[in-house]
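As a plain string of letters, each chain reads:
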Amino acid sequence: MTSIDARKLTVAYGGDDVVHGASLTLRPGEVTALVGPNGSGKSTLLRAIARLHRARLGDVRLRESADGGTDVDCLALTAKAFARRVALLGQDRPTPGGLRVRDVVEFGRYPHRGRFGGGDPGGADEIAHAIELTGLTPLADRPVDQLSGGQRQRVWLASCLAQQTGVLLLDEPTTYLDLRYQVELLDLVRDLADDRGIAVGVVLHDLDQAAAVADRVTLLSAGDVLADGTPEAVLTADRLTAVYGIRIDVDTDPATGRPRTRAVGRHHTRPERLRSTS
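Let me begin by describing the structure that accompanies this report. Since the model is a prediction, treat every value here as computed from it, not as a measurement.

An order of β2-β1-β4-β5 is seen for the 4 strands of this open sheet, with the pairing classed as antiparallel. What marks the edges here is a single partner per strand, and that holds for β2 (16-26) and β5 (71-73). Here the strands of the sheet are splayed against their neighbours by 20° on average, with no regard to which way each runs. For strand β1 (residues 2-13) and β2, the ladder comprises 7 bridges, and the chain directions are antiparallel.

Shown next as structure tokens:
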């Protein structure tokens, strides 16, 4: 049971701050969705938490229930020790040539192996389970470079699951996925939090997906955290309209009881055109 706490992170690119004093806590058994317009700092904040981008100010700390609740500075951990606790599915992943699906998923076990690749009891079971969870069993022996973009996305997700961490960071994981696999992936994310107690942080562009899957929503704009709380508290019409610069209506989905959004464009407000009949 691992939680991660980013405290007042300021992150810069090329000397310019792009995230300003942002704080974010990911708790065991909870899904936190990061939302906001392009360039708002969502992915940068996630990468800073994952130690892929060094914060100029602030720190990121881990807490594990097994150690009595002691906070540990993430930068004090070795790369392998950190990777046993935190996994990241980034936006850009290579397409490895000549490797099968199960070979790529097996990469996720590297933090659990000894210096010469041994000492990983149960690793084979975790690999098989990750392949099954992501619906890749029929493709396990297929070369990855022969798969579609959506299938490759699921392969990399399976590799993260095989990593068997207490914290899972997902940067726009529904990219390249068709509607079915978007829904199934978000269902899986919810299951990981509910059944395994994993702390999940996920960047999403779809506000309705965020509302449906998340316990908490963090809304960013221009590198600042504007709101953090339940989907109902954060995803309000006035706030979203101001942040996205377009009218966004919000009501309640009768099926889920969660917020449901609708961006209103110019053509959405025009009277219906009458069609002439012959």
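Here the focus is the packing of helix α4 (residues 123-133) against helix α5 (residues 149-162). Taken N-terminus to C-terminus, the directions of α4 and α5 make an angle of 140°; their axes are 8 Å apart at the nearest point. The angle between α4 and α5 falls in the class oblique. Once α4 is placed against α5, the crossing between them reads as right-handed. For the pair α4 and α5, contact is made by Glu126, Ile127, Ala130, Ile131 and Leu133 and by Ala158, Leu161 and Ala162, respectively. Split by residue class, the contact of α4 with α5 holds 7 nonpolar, no polar and 1 charged.

Time to look at the packing of aromatic side chains. All told, the structure shown has 0 aromatic pairs when counted by the stated rule. One Lys or Arg, Arg51, reaches over the ring of Phe82 and ends 4.5 Å from the middle of that ring. Taking the ring centre of Tyr181 as reference, the NZ or CZ of Arg154 above it sits at 3.7 Å.

Within the chain, Arg51 stands out as a residue other than glycine whose phi angle is a positive 70°. Relative to the helices and strands, Arg51 is located in the loop between α1 (42-49) and β4 (57-64). Phi angles above zero are rare outside glycine, and Glu172 is one such case at about 50°.

Turning our eyes to something else, we now look at the nonpolar core. Core analysis: the biggest nonpolar cluster contains 50 residues, and Val31, Val101, Val105, Leu168 and Leu170 have the highest contact counts within it. In this view, Val31 contacts Val189, Arg190, Ala193, Val200, Val202, Val213, Ala214, Asp215 and Arg216; residues no more than four positions away in its chain are not counted. If you look at the next biggest cluster of nonpolar residues, it comprises 28 residues, including Leu24, Ile49, Leu77 and Leu88.

We now examine the pairing of strand β11 (residues 248-252). One ladder, built from 5 bridges, connects β11 with strand β12 (residues 259-263); its direction is antiparallel. Its bridge partner being in β12, Thr252 is matched across the sheet by Pro259. Counted along the chain from β11 to the antiparallel partner β12, the turn is 6 residues long, and its residue Gly257 has a positive phi close to 75°.

Time to look at the sheet that holds strand β9 (residues 216-221). Overall, mixed pairing links the 6 strands, which are arranged β6-β7-β8-β3-β9-β10 in an open sheet. Of all strands in the sheet, those with a lone pairing partner are β6 (86-89) and β10 (224-229), marking the two edges. Averaged over all pairs of adjacent strands, the angle between strand axes in this sheet comes to 15°, irrespective of strand direction. Pairing of strand β3 (residues 31-35) with β9 involves 4 bridges; the strand directions are parallel.

Of note, His129 is situated in helix α4. Expressed as a C-alpha distance, the spacing of His129 and Ala158, which sit 29 residues apart in the sequence, is 8.7 Å.

As a further point, take the environment of Gln151. Within the secondary structure, Gln151 is located in helix α5. Considering only alpha carbons, one finds Gln151 and Tyr176, 25 residues apart in sequence, at a separation of 8.5 Å. Setting aside its immediate chain neighbours within four residues, Gln151 contacts Leu136 and Leu139. A polar contact of 2.9 Å, which involves the side chain of Gln151, links it to the backbone nitrogen of Ser148.

A separate point is the packing of α5 against helix α6 (residues 179-196). Following both chains from N to C, one finds α5 and α6 inclined at 5°, their axes separated by 13 Å at the closest point. Classified by the angle between their axes, α5 and α6 sit roughly parallel to one another. Side by side, α5 and α6 meet where Arg154, Leu157 and Leu161 of the first sit next to Tyr181, Leu185, Leu188 and Leu192 of the second. Broken down by class, the residue content of the contact of α5 with α6 amounts to 6 nonpolar, no polar and 1 charged.

Rules used throughout
- Numbers given for residues are sequential positions, taken from 1 along each chain in its written order.
- Two thresholds apply to this predicted model, a pLDDT of at least 70 for residue-level local features and 80 or more for giving and counting side-chain atom pairs, whereas whole-chain, interface and lining totals are computed over all residues.
- The side-chain values count all of the structure's non-hydrogen atoms but skip hydrogen atoms and water molecules.
- When DSSP locates at least two bridges between a pair of strands, those strands are taken to pair.
- Comment: elements are numbered from the N terminus, with helices defined as DSSP H or I runs of at least four residues and strands as E runs of at least two.
- The axes used here are C-alpha line fits, helices contributing only the stretch in contact, and every angle between their N-to-C directions lies in the interval 0 to 180 degrees.
- When an angle is under 35 degrees it counts as roughly parallel; over 145 it counts as roughly antiparallel; between 65 and 115 it counts as roughly perpendicular; any other value is oblique.
- Left-handed is the label given to a crossing in which the near helix is rotated counterclockwise from the far helix by less than a right angle, and right-handed is the label when the rotation is clockwise.
- The contact rule is simple, with two residues in contact once any of their heavy atoms fall within 4.5 Å.
- Any residue that is not Ala, Val, Leu, Ile, Met, Phe, Trp, Tyr, Cys, Pro, Asp, Glu, Lys or Arg is counted as polar, Gly included; the first ten are nonpolar and the last four charged.
- Any two of the Phe, Tyr and Trp rings considered here, Trp counted by its six-membered ring, make a pair once their centres fall within 6.5 Å; the pair's planes then place it as stacked at under 30 degrees, edge-to-face at over 60, or tilted in between.
- Throughout this description, the term charge over a ring refers to an Arg CZ or Lys NZ atom that lies within 6 Å of the ring centre and within 35 degrees of the ring normal.
- Residues enter a nonpolar core if they are buried and are Ala, Val, Leu, Ile, Met, Phe, Trp, Tyr or Cys, with the set joined through side-chain atoms within 4.5 Å.
- The buried label applies to any residue whose accessible area, calculated with a 1.4 Å probe on protein chains only, is under 20% of its type's maximum; exposed applies above 50%, and partly exposed to all values in between.
- What qualifies as a polar contact is a pair of N or O atoms within 3.5 Å, subject to a donor-acceptor requirement within protein and to the restriction that residues adjacent in sequence count only when both atoms come from side chains.

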